[in-house]
Amino acid sequence: MSPPLVELRSVGFGYEPDRPVLTGVDLAVPAGRRCAVLGPNGGGKTTLFRLMVGALAAGDGTVLVDGAPLRRTRSGLLALRQRVQLVLQDPDDQLFAATVFQDVSFGPVNLGLPEPEVRRRCAEALDALEITDLADRPTHLLSYGQRKRVAIAGAVALRPALLILDEPTAGLDPYGVEALLRTLDGLHARGTTLMLATHDVDLAYRWADELVLVASGRVSPGVPGTALAGGDLLAGARLTPAWAPLVHRLLDRTPGLAGARPRSPDELARLLAGPGDDRPAR
Amino acid sequence: MSPPLVELRSVGFGYEPDRPVLTGVDLAVPAGRRCAVLGPNGGGKTTLFRLMVGALAAGDGTVLVDGAPLRRTRSGLLALRQRVQLVLQDPDDQLFAATVFQDVSFGPVNLGLPEPEVRRRCAEALDALEITDLADRPTHLLSYGQRKRVAIAGAVALRPALLILDEPTAGLDPYGVEALLRTLDGLHARGTTLMLATHDVDLAYRWADELVLVASGRVSPGVPGTALAGGDLLAGARLTPAWAPLVHRLLDRTPGLAGARPRSPDELARLLAGPGDDRPAR
Amino acid sequence: MLALDAAAYAGPWRYRHPGEKALLAVGLLGCALLLPAWPGGALTGLTAAAVLLGPAGLPPRVLLRAVRAPLLFIGTGCLPMLVAVSGPGSVRWAPEGLATAAATAGRAGAALLCLLLFAATTPLADVLPRLHRLGVPVAVTEVAALIYRMLFLLLDSARAVRQAQAARLGYRTWAAAHRSLAGQAGAVFVRAFDRARRMEEGLALRGYTGSLAVVTEARRPSAAFVAGTVLLLAGVVLAAHLLPTATALLTDLPPVADR
Amino acid sequence: MHIAEGYLPPVQAAAWFAVSTPFVVHGARSLVHEVRANPEAKLLLGASGAFAFVLSALKIPSVTGSCSHPTGVGLGAILFRAPVMSVLGTIVLLFQALLLAHGGLSTLGANVFSMAVVGPWVAYGVYRLGRRLGGGLGVSVFFAAALADLATYCVTSAQLALAFPDPDSGFVGALAKFGSIFALTQIPLAVSEGLLTVLVIRLLTRV
């Protein structure tokens, strides 16, 4: 069995000597996952991500990449950055070239790839994010949602095995969220392991196949979906419950609908409207 | 009966001559409302708000304030700003002073009020937003959520009858959203009419007593809550349905729970857990 | 965040009137500059450091980090005083320069501590709105206040852009670093003017028509602090004058007694 | 490189205040004038000053492998006018002293003269001259920024040489000594800053 893409073993970190932000973090991200990281603002999500991409050095513990301890040397970080990429929440912090194409090509050019290969990588990344038509546009004239996609394309152009996204859906309207999730599913289908931070408990519930809770300096991986229906773990993380698992419990008490598992209001609406009645409640 | 605080009558507007952003807007905001404005990004919500606070001049139609047509003169706008205040989404667009107190004092000082009255207004606004303890803190060392509250306090210090908030909950975690809504309820109880834009259909459903849909240049006031369960109107506005009205329909089909109206997952969880069984399903 | 700025808001002197802290720090700065480096400068530096780490409560860690760069300049700047050139290629050691170098380094070191005594205890938020009382035009103080507000926003942007570039291998080679740096400067520039435009709109909504006047937090000057400051300054000056006389007496006396 | 607090003898420190004051007062007058005519300019000036501060905090890689900071005076003077840069530069130098302990209060006059008066005027002059002589935008910007950077450091060296003349050869020898420490080592950095400024201006003219 291949080792996890990234693994943290009893990792601790603090920006100031005696104020730890994270303590005793054990977390493994195996290839192929769709992992949602839930937690309140200031709870340590971003710090966790920055440890995983080597932007911060762990105070205690070990970070392993593909099973080998991360070396924080030039070449060690270079190798890491081709395996793991982090996309920050605010796209404006990540776009610094004049046009979309130039911006996306930044990483491949820095890798020292020959120009045809740079072009191939950019075309691929733009295609994956469905923004090929934006290639020649100046970055500052794009909408917020478009800028988000360009920022993600810039990371994808380095062909990371693991792509980490910090609050990718923040600021998008529901339609924009759905469209972005479909695009991410496409990336996942192409073999990219995904990890994203979100406040939206329902989004995490319906999108992820692994849930990680980050709150008050502790990281809890492998949270079961049912825990999102409420309880101490969720309340401790200053999060509200998700609708979906509660609705599932409710459905199991509703004649003729037991076992139905809608994960979005759209699916629930469909269930309640027409085809939902294909199991007539008698 | 007193006239609406702000009323738009067949108002139209476009930033460029032949590309209207809004057309034929009829909207009245009576005193005492809690009005939620739902719509996709780029749908015209912010433009609507700018028209209501006189930051933009309506191309067609009339804007009425307290029943009288808005005069876009210096004194007309000055009078308007003491009746209606708009808080933008990004607090950094409105916070300019070095400390919280200095920033909140800007509006009252600008009105030409004497210093004791300025201090009284600031204290009142800081109290209403529950940030009295932040008064002396430098703006640049505040968290995002704190800066949002300071921006709102800056508007509240002008004692507006109508307070309009553009996406006040964007970027806040669920706990922060709940805390802000409670604070807004406090403002409402003190007599401020509230209007807020949001993408969060469930938030609008449970918080507002009037729903306004803004999409593709049209403004639809008086949208019934049941319309948030899905349908063409919602889909046309690129919004996903809300869970709550769907759950209400589902509850009506669940033995022993008919008529229950939980408006948040927390309430649903409570209904399903202990006390929900006080009406035993037999 | 900027450590000195953060320390000024966190320290025990946060709510003191900026004027009294200015009196103390600038008074000591005057002593450092005008008194002879030995022993006046040394006494002043020691006093400033003691006040800074004692009643003003600055963490030693912050002090050490703050003095690093200026001390480097002082060190480098004193080296040329130790050599003399009389023409192209004719360079010699100049031991007579040692006194100048030592005096300059002592004066600058002491003055640096006095500067920090003000910088690390006095929030600019308290200083800027009061500058017009010193005759600075209000437009200039308001622009200064805006610079103060915006520089933190831009520093955050610059930091984030740099991290994003580093993640995309932007500092791998010298050429890449230059490209990245230009991108960073360009991005911050665009952000700066975007900020200005958006803040203009945001302030217009708050009724801005040209004045950014605000009410400043009341800060009552403390008579005790001012009196203490005057005493301390007088003490430093007095000690600086008495100490040489005293040491001269002490070193002169024994031989006299011998005879 | 700012002259550190207390480094200059008091009389010279005072003299540099006297030299700089007219330029700053003139700059402040034109700022007040501009702001009165156009209140929105206040926000643009605030953004420009903040940008200048941040620019001087960026780390610039040098060919020798060490790191330094761009002065930013060239870019500032090309984008804004030299008189306005003198007052913005003064505010920025004051902030650098109080927020970073770079430079100082007693040496503010001297630092203002080199970084907020001479630097911007050199940049502005070279840029205009370059354009008038038919130089391209890139070439003019490069020389304006690189020479402004160098001029700033030459003035700093001269200020130090005046304060600490050589025991054998006086001012000239001291200028050579301080110049070789502060200005000569700056040549590669000036070239870097010139290149950087061209890249930034290109980036900005394209958007």
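Residues numbered from 1 in each chain as written. Chains lettered and ligands numbered in written order. Predicted model: local features only at pLDDT ≥ 70, side-chain atom pairs only at ≥ 80, totals over all residues. Heavy atoms only, no water.

1. Observations regarding the overall build of chain A
On a plain count of helices and strands, chain A comes out with 10 helices and 10 strands. Here chain A has a C-alpha radius of gyration of 20 Å; the compact-globule value for 282 residues is 19 Å, and the two agree. Looking at chain A as a whole, 57% of its 282 residues qualify as buried. Nonlocal contacts in chain A, meaning residues at least 24 apart in sequence, comprise 64% of its contacts between residues at least 6 apart. Total accessible area on chain A stands at roughly 11,400 Å², and carbon and sulfur atoms take up 51% of it. Side chains of chain A carry 31 positive and 32 negative charges; the gap between the two charge centres is 3 Å. (Helix = DSSP H or I, 4+ residues; strand = E, 2+ residues; numbered from the N terminus. Rg over C-alpha atoms; globule rule 2.2 N^0.38 Å. Buried < 20%, exposed > 50% of the residue type's maximum accessible area, 1.4 Å probe, protein only. Contact = heavy atoms within 4.5 Å. Areas by Shrake-Rupley, 256 points an atom, 1.4 Å probe, with all protein chains shown as cover. Lys, Arg positive; Asp, Glu negative; His and termini not counted. Charge placed at Lys NZ, Arg CZ, Asp CG, Glu CD.)

2. Focus on the interface of chain B and chain C
Frequently, the measure chosen for interface size is the accessible area that the parts lose on association. At the junction of the two partners, chain B supplies 39 residues and chain C supplies 35 residues. Taking both sides of the interface into account, the surface hidden between chain B and chain C amounts to around 3,100 Å²; carbon and sulfur atoms contribute 55%. Remark: the boundary between chain B and chain C carries seven salt bridges. Put simply, D90 of chain B and R195 of chain C hold a salt bridge, and the shortest N to O gap is 3.6 Å. Across the contact surface, chain B and chain C share 17 residue pairs in polar contact (both at pLDDT 80 or more). At the level of secondary structure, the elements contributing two or more residues to the side of chain B that touches chain C comprise α2 (74–83), β6 (84–87), α3 (100–110), α4 (115–128) and α5 (144–156) of chain B. Ranked by residue count, the leading element in the side of chain B that touches chain C is α3 of chain B, at nine residues. Along the lines of polarity and charge, the residues of the side of chain B that touches chain C split into 17 nonpolar, 10 polar and 12 charged. (Buried area = accessible area lost by both parts, 1.4 Å probe. Salt bridge = Lys/Arg side-chain N within 4 Å of Asp/Glu carboxyl O. Polar contact = N/O pair within 3.5 Å; in protein donor to acceptor, adjacent residues only side chain to side chain. Nonpolar A, V, L, I, M, F, W, Y, C, P; charged D, E, K, R; others polar.)

3. Regarding the pairing of strand β2 (residues 90–93) of chain C
Regular strands place side chains that alternate from one sheet face to the opposite one. Residues and elements named next belong to chain C. Of the strand pairs in this sheet, strand β1 (residues 83–87) and β2 are connected by four bridges, and their pairing is antiparallel. Residue G87 lies in a different strand from β2, and its bridge partner there is S90. Counting the residues that bridge the hairpin from β1 to β2 gives two residues, and of these G89 lies at a positive phi of roughly 85°. (Pairing = 2+ DSSP bridges.)

4. Concerning the nonpolar core
It is characteristic of soluble globular proteins that their nonpolar side chains tend to be buried jointly. Of all hydrophobic cores here, the largest spans 126 residues; its most connected members are V104, L163 and L268 of chain A together with V104, L163 and L268 of chain B. Beyond its immediate stretch of four places on either side in the chain, V104 of chain B contacts C122, A125, L126, V150, A153, G154 and A157 of chain B together with R206 of chain C. Listed in part, the 111 residues of the second largest apolar core include L29 and C114 of chain C together with A50 and L55 of chain D. (Core = buried A, V, L, I, M, F, W, Y, C linked by side-chain atoms within 4.5 Å.)

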